[in-house]
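Letter by letter, the chains look like this.
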Amino acid sequence: IDVYQAWCGPCKAVVNLFRKLKNEFDEDDVLHFAVAEADGIRTLQPFRNKCEPVFLFCVNGRIIAIVRGVNAPLISKKI
């Protein structure tokens, strides 16, 4: 989940990375990407007022990893 704030929008720098990874997995039920505006979701309050992108990695509804900032190698590793 790409957590963003309304004033800056979702991180466009990783869209191509996500597309590439999605194609590599070739399993629609295994890997899903989403964006969430932190300003409108109470549980994302800890991620508000930050000037760096935050990526949450979830399995079965639980956050299992967090990557702060755009770090393509680390994001790929977490996926």
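Placed above this text is the structure.
Residues numbered from 1 in each chain as written. Predicted model: local features only at pLDDT ≥ 70, side-chain atom pairs only at ≥ 80, totals over all residues. Heavy atoms only, no water.

A.B. asks: Honestly, the environment of Gln5 in this entry has me stumped. Any pointers?
C.D. replies: With respect to the element layout, Gln5 can be found in the loop between β1 (2-4) and α1 (15-25). Spatially, the C-alpha atom of Gln5 lies 25 Å from that of Lys77, the residues being 72 residues apart in sequence. With residues up to four places along the chain from it excluded, the contact list for Gln5 reads Glu37, Ala38, Asp39, Phe47, Arg48, Asn49 and Lys50. (Helix = DSSP H or I, 4+ residues; strand = E, 2+ residues; numbered from the N terminus. Contact = heavy atoms within 4.5 Å.)

A.B. asks: Could you clarify how one ought to interpret unusual backbone geometry in this entry?
C.D. replies: A negative phi holds for most residues other than glycine; trans holds for most peptide bonds. Of note, Asn60 is a non-glycine position whose phi angle comes to about 50°, a positive value. Structurally, the position occupied by Asn60 is in the loop between β3 (54-59) and β4 (62-68).

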